[in-house]
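Commentary on secondary and tertiary structure
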Amino acid sequence: MKPVVNNSTFSGRVMTGRKSLLSQCLCLGLCSVFLLSGCQPKPPSSELQLAESTTAVAQPLYNDLVVGLKEFHSSASSFCSAPSAGGLAGVQQQWHQSMLNWQSASVVNFGPVTMDSMAWKFQFWPDKKNLIHRKVESEIRRGSQSEAGWTPASIGKVSVVSRGFGAAEYLLFDPEAKEKIAEPVRCEYLQVVIQDMQRNAERLSRWWQQGEDRYPEELKALADAVPATEESYPQVSALLVSSLHTTLETAIRKLSMPLGKTDQHGNPYMSESWRSGYSLDNLRAVIASTRKLYEGGEGYGLDERLASVDEESRQLAEEISIAYDEVDKILASKPLENISLKDAVVDPERREVLSSLLFGISRIKNLFAGKVPDKLGIPLGFNSNDGD
């Protein structure tokens, strides 16, 4: 007799088997998807992108400073070996270019430049009491009476007032320096001052190169830092915002001090580079460099970071761009062409233009002081040295 088959039981087993098989297939498929997705590189965070773009902006700024100072020293050496009016003009032009390079690089006022008060070794400012004049002459008298003169080691111990671009400007552009200081002595001191800046610039440039224990790695570490508390904030964004705010605040002082109050004629000798007449060029370089840092150069910038928060933040990013455009327009306007800030502040018509410029820069600075930190979750009292 053939065994009796229970069709309902058999069908149930078949269906159960099919479901089990389908479940296994589905499981395998999902696992494959998860495995494949796990192999895909994790997209970089906005903070890491900012760290990388900041490095990409800072590196060429410091490289340009090194290159410019090398050319400045070479030009000074050539002039000193065979002094001439044409040679002096060439050295003065190299001072101008190197000073612009410094103005651009000084916008990145966090990281290596905060070590050993490095910024002061490039530029002493403000010089409200004309200390540069007195200190440089005093140092030259001291060095002239010493058999050793000046060496790379000894100049590093000299007051920052007697070094940097301010001292070089005095030696190259001030008529009193030419009258009071003999050419060989002036040349010797000028060259050692330039060499001192060159060494410091090379040091800063090295710290900004990629590599273990270099500052770009520290920036990335800040970007990847796991928030310790709920009050933690995006540290790379905070460094950039603080740097921009501080630089713009300084730029305002460099304009407002010589401009003076509305009912005054101003004080031309409060201009940053009144001896050379290049104060407005300095300001143009600073404003352009702050915008480059804000926009991340060709990479991901704070402007994109800000615009990604919400619609109001996107409008804020547009407001900052428009404000920069307006400031650039004033700096390039005809009233400010081919004139020094020293001369412009005593001209009634140009004073009005300078007042508009001051208002425009203040507008940008105030946005970095209030609305931008608020939108990015950065405490308003943040100090740029906190992340070093």
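See the structure shown above.
These notes cover the structure that comes with them. Computed from a predicted model, the values in this text were never measured in an experiment.

**Quick word on the overall build of the protein chain**
- A tally of helices and strands in the protein chain yields 17 helices and zero strands.
- Within the protein chain, buried positions represent 45% of all 388 residues.
- Once local pairs closer than 6 in sequence are excluded, the contacts in the protein chain between residues at least 24 apart make up 78%.
- Within the structure as shown, the protein chain displays about 20100 Å² of accessible surface, and the carbon and sulfur contribution to it stands at 54%.

**A word on the side chain of R291**
- Inspection of the secondary structure puts R291 in helix 12 (residues 279–295).
- With relative accessibility at 15%, the residue R291 sits in the buried group.
- A distance of 3.1 Å separates a polar atom in the side chain of R291 from a polar atom in the side chain of D328.
- Discounting chain neighbours no more than four positions away, the residues touching R291 are S321, Y324, D325 and D328.

**Examining the packing of aromatic side chains**
- According to the stated counting rule, one finds 14 aromatic pairs in the structure shown.
- With centroids separated by 6.4 Å and ring planes inclined at 75°, the aromatic side chains of W95 and F165 adopt a geometry described as edge-to-face. Remark: F165 occurs in helix 7 (residues 164–173) and W95 occurs in helix 3 (residues 85–105); sequence separation between them is 70 residues.
- Look at W95 and F173: their rings are 5.4 Å apart centre to centre, the planes differ by 70°, and that puts the pair in the edge-to-face class. One end of the pair, W95, is in helix 3; the other, F173, is in helix 7, with 78 residues separating them in the sequence. Neither W95 nor F173 differs from the other in exposure class; each is buried.
- An aromatic cluster is defined as three or more aromatic residues linked by ring pairs; in this entry it consists of Y62, F110, W208 and Y215.
- Stacked on the ring of W125, the Lys or Arg K254 has its end atom at 5.4 Å from the ring centre.

**Overview of the state of the cysteines**
- Applying the stated criterion across every chain, the model contains one disulfide.
- Two residues, C80 and C187, share a disulfide whose sulfurs are 2.2 Å apart. Between C80 and C187 the disulfide shows an S-S torsion of about -95°. By sign, it is left-handed. Pair noted here: C80 is in helix 2 (residues 46–81) and C187 is in helix 9 (residues 183–207), with a separation of 107 residues, a long-range link.
- Residue C187 is classed as buried on the basis of its relative accessible area, which comes to 6%.

**Digging into the side chain of T247**
- When you line up the elements, T247 lands in helix 11 (residues 235–259).
- By relative accessible area, T247 is classed as buried at 7%.
- Here S243 takes part through its backbone oxygen, which lies 2.8 Å from a polar atom of the side chain of T247.
- Contacts of T247, omitting those with residues within four sequence positions, involve S106, V107, N109, V286 and T290.

**Some points on the pattern of salt bridges**
- In total, this model carries 19 salt bridges according to the counting rule given.
- For the salt bridge of R291 with E295, the shortest nitrogen-to-oxygen distance reads 3.0 Å. Taken as a pair, R291 and E295 lie in helix 12 at a separation of four residues, close to a single helical turn.
- What makes E295 partly exposed here is its relative accessible area of 25%.
- Among the salt bridges present, the one from R314 reaches E311, with a minimum N-O distance of 2.5 Å.

**Considering unusual backbone geometry**
- Of note, the amide linkage connecting W125 to P126 takes the cis form, showing an omega dihedral of 0°.
- With respect to the helices and strands, the residue P126 is situated in the loop between helix 4 (118–122) and helix 5 (131–145).
- A positive phi angle, near 50°, is found at N338, a position not held by glycine.
- Its place among the elements puts N338 in the loop between helix 14 (311–331) and helix 15 (341–344).
- Assessed through its relative accessible area of 82%, N338 is described here as exposed.

Conventions used here
- Residues numbered from 1 in each chain as written.
- Predicted model: local features only at pLDDT ≥ 70, side-chain atom pairs only at ≥ 80, totals over all residues.
- Heavy atoms only, no water.
- Helix = DSSP H or I, 4+ residues; strand = E, 2+ residues; numbered from the N terminus.
- Buried < 20%, exposed > 50% of the residue type's maximum accessible area, 1.4 Å probe, protein only.
- Contact = heavy atoms within 4.5 Å.
- Areas by Shrake-Rupley, 256 points an atom, 1.4 Å probe, with all protein chains shown as cover.
- Polar contact = N/O pair within 3.5 Å; in protein donor to acceptor, adjacent residues only side chain to side chain.
- Phe/Tyr/Trp six-rings, centres within 6.5 Å; stacked < 30°, edge-to-face > 60°.
- Lys NZ or Arg CZ within 6 Å of the ring centre and 35° of its normal.
- Disulfide = S-S within 2.5 Å.
- Salt bridge = Lys/Arg side-chain N within 4 Å of Asp/Glu carboxyl O.

By themselves these figures say nothing about function.
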